[in-house]
Amino acid sequence: MRTLLSASLFSLTALTVGFLTATSAQAQTVQISGAGATFPAPLLQRWFDAYNRTVDPTVQVSYQSVGSGAGLEQVINGTVDFGVSEAPFSGARLEGFRAKYRYEPLQLPLGGGAIEFAYNLPGIEDGELILKRETYCGIVTGEITRWDDNRIKADNPGIANKLPPLDITWVHRSDGSGTTFVFTNHLKAACPNWTAGAGTSVEWPVGIGAQGNEGVAATIKQEPGTIGYVNQSYAKLENMATARLENKAGNIVEFSTEAATSALDAPIPDDFALLVPDPEGPDDYLIVGLFWVMLYREYPDQEKLTKLVETLKWTQGPEGQAITRELDYIPMPEAAIQRIFAELDAITVNPNAVR
């Protein structure tokens, strides 16, 4: 009887200790929330998962891939701990942030990437299609409407007889998008006949809209005759066919991390807002951009701020940058990383910080 009672007390004690330990571990978990660009979403999700599994299991970062515009709005509204965008704060959004928080937003680049023309053409494999500048400008403006147009055939003498007699369906983003910001900045610089300007949202002269890089990729994969713009990581993950393009130097190039890195090899200004709408190097890939994490300069919680800064610094270290390269994104150069770390270290704690 005494043995059974002792065993029961031991089991109860062990259960209580286990419960208290689990409760303590749960209480120590730091939840960090972010939202924004779909462009770097595959990389961000890999980063945050790897950090939780291999570095600090008490840090759980949830990231909503909702588009740059929606992410910036959530930062302004104070509903997330950080945002991510391929377009820096500007215009009404910048004024709205300044009015609410009484300081400038902290915008720090975490990496770069490229945008590709992805297409769905029966019988035309990945990399077979060439689009010179005048041709892709004609497609996005609606001046070229058929795949068997003589201008596309002239760009592609080797596959001219394979180009199908299909209408061209241009697929673009329907949401406020940093990918659109990067892409339309290139069109504005490269296409004399482009009149819709540049921004996270524009009035497209032709085409159908889809939500996020995910939606554009899905639409293209489902519909023969479609072509649109997607981040290079989505093109790779979805095994999409992408075109080779004519760059500013007049050379036909395809995406590679080397060609995109070369295109982004430019001095980064004091505010980190580097834009390279039409790179000039002979081997440069032509549609490239950075993505920025959007932070507050004051946080009300010391522990959350510490964990957030540690996580972001890890993304720029050896393990984080190995994942960056694996997914074909462009790591930040070391000189920029030291500036980024200095800005992260300057963020302060204010229990009364506006949210």
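Residues numbered from 1 in each chain as written. Predicted model: local features only at pLDDT ≥ 70, side-chain atom pairs only at ≥ 80, totals over all residues. Heavy atoms only, no water.

Draft legend 1. Spatial organisation of the packing of aromatic side chains. Tallying each qualifying case throughout the model produces 24 aromatic pairs. Considering the side-chain rings of Phe-89 and Phe-97, the 5.4 Å spacing of their centres and the 45° angle between planes classify their relative orientation as tilted. With relative accessibility at 5%, the residue Phe-89 sits in the buried group. Judged by relative accessible area, which is 0%, Phe-97 ranks as buried. Measuring from ring centre to ring centre gives 4.6 Å for Phe-97 and Tyr-101, while their planes differ by 35°; the resulting arrangement is tilted. Residue Phe-97 and its partner Tyr-101 are located together in helix α4 (residues 91-101), separated by four residues, close to a single helical turn. One aromatic cluster is present, formed by Phe-117, Tyr-136, Trp-170, Phe-183, Trp-194, Trp-204 and Tyr-229 through successive ring pairs. Cation over ring: Lys-313 sits above Phe-341, and NZ or CZ is 5.4 Å from the ring centre. Between Arg-355 and the ring centre of Tyr-299, over which it is positioned, the NZ or CZ distance is 5.1 Å. (Phe/Tyr/Trp six-rings, centres within 6.5 Å; stacked < 30°, edge-to-face > 60°. Buried < 20%, exposed > 50% of the residue type's maximum accessible area, 1.4 Å probe, protein only. Helix = DSSP H or I, 4+ residues; strand = E, 2+ residues; numbered from the N terminus. Lys NZ or Arg CZ within 6 Å of the ring centre and 35° of its normal.)

Draft legend 2. The arrangement of the state of the cysteines in detail. All chains considered together, the criterion is met by one disulfide. Note that Cys-137 is cross-linked by a disulfide to Cys-191, the S-S spacing being 1.9 Å. The disulfide joining Cys-137 to Cys-191 has a torsion of about -75° about its S-S bond and is therefore left-handed. A residue pair is termed long-range when its members are at least 10 positions apart, and Cys-137 in helix α5 (residues 133-141) and Cys-191 in the loop between α7 (178-190) and β7 (208-210) qualify at 54 residues. (Disulfide = S-S within 2.5 Å.)

Draft legend 3. Seen up close, the packing of helix α11 (residues 302-315) against helix α13 (residues 334-345). Close contact between α11 and α13 brings their axes to 10 Å; oriented N to C, the two are set at 175°. Relative to α13, the element α11 is oriented roughly antiparallel. Between α11 and α13, the residues in contact are Val-309, Leu-312 and Lys-313 and Phe-341, Leu-344 and Asp-345, respectively. Residue composition of the contact of α11 with α13, by class: four nonpolar, no polar and two charged. (Axes fitted to C-alpha atoms, helices over the stretch in contact; angles between N-to-C directions. Parallel < 35°, antiparallel > 145°, perpendicular 65-115°, else oblique. Contact = heavy atoms within 4.5 Å. Nonpolar A, V, L, I, M, F, W, Y, C, P; charged D, E, K, R; others polar.)

Draft legend 4. Representation of the packing of α5 against α7 in the model. Here α5 crosses α7 at 120°, and the two axes come no closer than 11 Å. In terms of orientation, α5 and α7 fall into the oblique class. Crossing angle aside, the handedness with which α5 passes α7 is left-handed. Together, Arg-133, Tyr-136, Cys-137 and Val-140 of α5 and Phe-183, His-186, Leu-187 and Ala-190 of α7 make up the contact between the two elements. (Left-handed = near helix turned anticlockwise from the far one by under 90°.)

Draft legend 5. Molecular detail of the sheet that holds strand β11 (residues 252-253). One open sheet accounts for three strands, arranged β5-β10-β11; its pairing is mixed. Since the sheet does not close on itself, it has two edges, and those belong to β5 (130-131) and β11, each with one partner. Here two bridges tie strand β10 (residues 244-246) to β11, and the two strands are oriented antiparallel to one another. When the sheet's bridge partners are listed, Leu-245 is paired in β11 with Val-253. (Pairing = 2+ DSSP bridges.)

Draft legend 6. Geometry of unusual backbone geometry. Phi at Asn-239 is positive, roughly 55°, even though this residue is not glycine. Here Asn-239 lies in the loop between α9 (232-237) and β9 (241-242). Judged by its relative accessible area of 70%, Asn-239 falls in the exposed class.

Draft legend 7. The arrangement of the nonpolar core in detail. Counting residues in hydrophobic clusters, the biggest one holds 102 residues, and the most contacted among them are Phe-82, Phe-117, Leu-129, Tyr-136, Phe-183, Tyr-285 and Leu-295. For Phe-117, the residues in contact, after removing those within four places along its chain, are Leu-131, Tyr-136, Val-140, Trp-170, Phe-183, Ile-227, Gly-228, Ala-241, Thr-242, Ala-243, Leu-245 and Ile-287. (Core = buried A, V, L, I, M, F, W, Y, C linked by side-chain atoms within 4.5 Å.)

Draft legend 8. Molecular detail of the pattern of salt bridges. In the structure shown here, the tally under the stated rule is 17 salt bridges. Its salt-bridge partner being Asp-49, residue Arg-53 comes within 2.8 Å of it at the nearest N-O pair. With Arg-53 and Asp-49 both in helix α2 (residues 41-54) and four residues apart, the pair spans about one turn of that helix. Of the residues examined, Arg-53 reaches a relative accessible area of 56% and is grouped as exposed. In this structure, Lys-236 and Asp-328 form a salt bridge, with 3.3 Å as the shortest nitrogen-oxygen distance. (Salt bridge = Lys/Arg side-chain N within 4 Å of Asp/Glu carboxyl O.)

Draft legend 9. Structural view of the environment of Leu-274. Tracing the chain through its elements places Leu-274 in the loop between α10 (257-263) and β12 (288-295). Residues Leu-274 and Leu-264 lie 10 residues apart in sequence; the distance between their C-alpha atoms is 8.6 Å.

Draft legend 10. Inspection of the confidence of the model for the protein chain at higher detail. With 92% of its residues at a pLDDT of 70 or more, the protein chain shows a mean pLDDT of 93. Of the regions scoring below 50 in pLDDT, residues 1-25 engages in zero contacts with residues more than four places distant in sequence or in other chains. (pLDDT = per-residue confidence, 0-100.)

Draft legend 11. Structural context of helix α3 (residues 68-77). Taking burial as the measure, the 10 residues of α3 include seven buried ones, the bulk of the element. Those residues of α3 lying buried are Ser-68, Gly-69, Gly-71, Leu-72, Gln-74, Val-75 and Ile-76. Against β1 (30-36), β2 (59-65), β3 (82-85), α4, α7 and β12 lie the buried residues of α3. Immediately downstream of α3, the backbone of Gly-78 shows phi near 75°, a positive value.

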